[in-house]
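# Descriptive structure summary
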Amino acid sequence: MALNPTPRQLSLFKSLVFLLALLPFARMVWLTYTGQLVEPLEFITRGTGDWTLYFICISLAVTPLRRFTQWNWLIKLRRMLGLFAFFYAALHFTTFLWFDHFFDVHEMWKDVLKRPFITVGFIAFVLLIPLAVTSTNGMVKRLGGKRWQWLHRLIYVIAPLGILHFWWMKAGKHNFAQPILFGSIVALLLLMRVVFAWSKREKSARAAKTATPVRSV
């Protein structure tokens, strides 16, 4: 079913999505401030990590959902959803740097190199930075559409690294239910992109054959 919101309706919907995306952060702040958490550091660390993966999955789901529903306006939400993934990733990293190492970069770096699950998480966060920095319309114009698109394909590397980080973190407790769920979702979303790309190439090839004039002998 076609759904074409007016500019005003789309603006209101984007504002609603923005507020909803902030709710997990607001909840963390409130529960910490009111002292309702037994282990606030663990709660914030896990919460910010989980919501980073949630928003990565949601942003990856925009393109398939748009193709299946023909709701092209969904693409206008993807940038904001991606920035929220970076927002929660930055909170996740800040929690690690602040509470685990008290902003001691040298000790943090030793920890990054020592523990593989932190290493891949750190790499994923670093790769997210250029995506966040180049998210503005001005940066799209500076880079050019094609170069911007190639840069933002880093998300196809970031998402698996995030899953691997989560998997290794849960391995200590042999709790793989969530990593398997996240991994399955990401794998499905990336596979759908491969199928879309293959289908597009096939259509282009058929169109090229049809357009090629047949010479008579």
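Definitions and cut-offs
Residue numbers restart at each chain and count upward from 1, following the sequence in its written direction. Confidence filtering applies because this is a predicted model: local features only for residues at pLDDT of at least 70, side-chain atom pairs given and counted only at 80 or more, and all residues used for totals across whole chains, interfaces and linings. Note that the side-chain values use all heavy atoms of the structure and ignore hydrogens as well as water. Helix and strand definitions here come from DSSP, where helices need a minimum of 4 consecutive H or I residues and strands a minimum of 2 consecutive E residues; each element is numbered from the N-terminal end. Buried means the residue's accessible area, taken with a 1.4 Å probe over protein chains only, is under 20% of the maximum for its type, while exposed means over 50%, and partly exposed covers the values in between. For the accessible areas, the method is Shrake-Rupley and the probe is 1.4 Å, while residue cover comes only from the protein chains on display. As used throughout, the charge tally considers Lys and Arg to be positive and Asp and Glu to be negative, leaving His and the chain termini uncounted. A charge is said to be at NZ when it belongs to Lys, at CZ for Arg, at CG for Asp and at CD for Glu. In this description, a line fitted to the C-alpha atoms serves as the axis of each element, helices being fitted only across the stretch in contact, and the angle between N-to-C directions of two axes falls anywhere from 0 to 180 degrees. Note that the term roughly parallel is reserved for angles under 35 degrees, roughly antiparallel for angles over 145, roughly perpendicular for angles of 65 to 115, and oblique for everything else. Working rule for handedness: look at the near helix, and if it is turned counterclockwise from the far one by less than a right angle, call the crossing left-handed; if clockwise, right-handed. Polar here means any residue outside two lists: the nonpolar Ala, Val, Leu, Ile, Met, Phe, Trp, Tyr, Cys and Pro, and the charged Asp, Glu, Lys and Arg; Gly therefore counts as polar. Expected span of a helix, by definition, is 1.5 Å for each gap between consecutive residues, and there is one gap fewer than residues. A pair is scored as a salt bridge if a Lys or Arg side-chain nitrogen falls within 4 Å of a carboxyl oxygen belonging to Asp or Glu. The aromatic pairing rule takes the rings of Phe, Tyr and Trp, using the six-membered ring of Trp, and pairs them if the centres are within 6.5 Å, calling planes under 30 degrees apart stacked, those over 60 edge-to-face and the rest tilted. A ring is scored as having a charge over it whenever the NZ atom of a lysine or the CZ atom of an arginine sits within 6 Å of its centre and within 35 degrees of its normal. Here, residues are in contact when the closest pair of their heavy atoms is within 4.5 Å. Nonpolar side chains (Val, Leu, Ile, Met, Phe, Trp, Tyr) within 5 Å and like charges within 9 Å form the patches, drawn only from residues with over 30% relative accessible area and no salt bridge.

## Focus: the overall build of the chain
What the chain contains, in helices and strands, is nine helices and zero strands. The secondary structure elements of the chain, listed N-terminal to C-terminal, are α-α-α-α-α-α-α-α-α. For the chain, the spread of C-alpha atoms along the principal axes amounts to about 80 × 45 × 40 Å. Within the chain, the proportion of its 217 residues that are buried is 33%. Carbon and sulfur atoms provide 69% of the accessible area of the chain, an area that totals close to 14,300 Å². Averaging the positions of the 26 positive and the 8 negative side-chain charges in the chain gives two centres separated by 24 Å.

## Side note on the packing of helix 2 (residues 40-69) against helix 3 (residues 75-100)
Two elements in contact, helix 2 and helix 3, have axes separated by 8 Å at closest approach and are oriented at 160°. One finds that helix 2 runs roughly antiparallel with respect to helix 3. Relative to helix 3, the crossing made by helix 2 is left-handed. Partitioning the contact of helix 2 with helix 3 into residue classes produces 15 nonpolar, nine polar and three charged.

## Quick word on helix 5 (residues 116-133)
Helix length check: helix 5 (18 residues) gives 26 Å between terminal C-alpha atoms against 26 Å at 1.5 Å per residue, within 8%. Residues of helix 5 that are buried: I118, V120, G121, F122, A124, F125, L128, L131 and A132.

## A short note on the pattern of salt bridges
Counted by the stated rule, this structure contains three salt bridges. A salt bridge links E42 to R46; the shortest N-O distance between them is 3.6 Å. Remark: R46 and E42 occur in helix 2; sequence separation between them is four residues, near one turn of the helix. Exposure remark for E42: the relative accessible area of 30% places this residue in the partly exposed category. Among the residues examined, R46 registers a relative accessible area of 29% and is labelled partly exposed. The residue E107 makes a salt bridge to K110 at a minimum N-O spacing of 3.4 Å. Of this pair, E107 and K110 both sit in helix 4 (residues 105-114), separated by three residues, roughly a single helical turn. Among the residues examined, K110 registers a relative accessible area of 44% and is labelled partly exposed.

## Description of the packing of aromatic side chains
Under the defined criterion, the tally for this structure stands at 22 aromatic pairs. For the ring pair F68 and F196, a centre distance of 6.0 Å and an interplane angle of 70° mean the geometry is edge-to-face. A residue pair is termed long-range when its members are at least 10 positions apart, and F68 in helix 2 and F196 in helix 9 (residues 177-211) qualify at 128 residues. F196 gets classed as buried once you look at its relative accessible area, which sits at 13%. Here the aromatic rings of F87 and Y88 are separated by 5.1 Å at their centres, their planes lie at 75°, and the arrangement is edge-to-face. With a relative accessible area of 26%, F87 lands in the partly exposed category. A relative accessible area of 0% places Y88 in the buried class. Site record: aromatic cluster; members linked through ring pairs are F18, F25, W51, Y54, F55, F84, F87, Y88, F166 and F182. Positioned above the aromatic ring of F196 is the side chain of R67, whose terminal nitrogen or guanidinium carbon lies 4.1 Å from the ring centre.

## Description of the environment of F96
In this fold, F96 is placed in helix 3. The exposure class assigned to F96 is buried, which follows from its relative accessible area of 13%. The spacing of F96 and A124 is 28 residues in sequence and 14 Å in space, taken between C-alpha atoms. Beyond its immediate chain neighbours, meaning those up to four positions away, F96 contacts H101, M108, D111, V112 and I118.

## Some details on a positive patch on the surface
The grouping of R67, R153, K200, K203 and R206 at the surface amounts to a positive patch. Examining the composition of the positive patch, we find that three residues originate from one element, helix 9, more than from any other. Residue class for R153 comes out partly exposed when judged on its relative accessible area of 36%.

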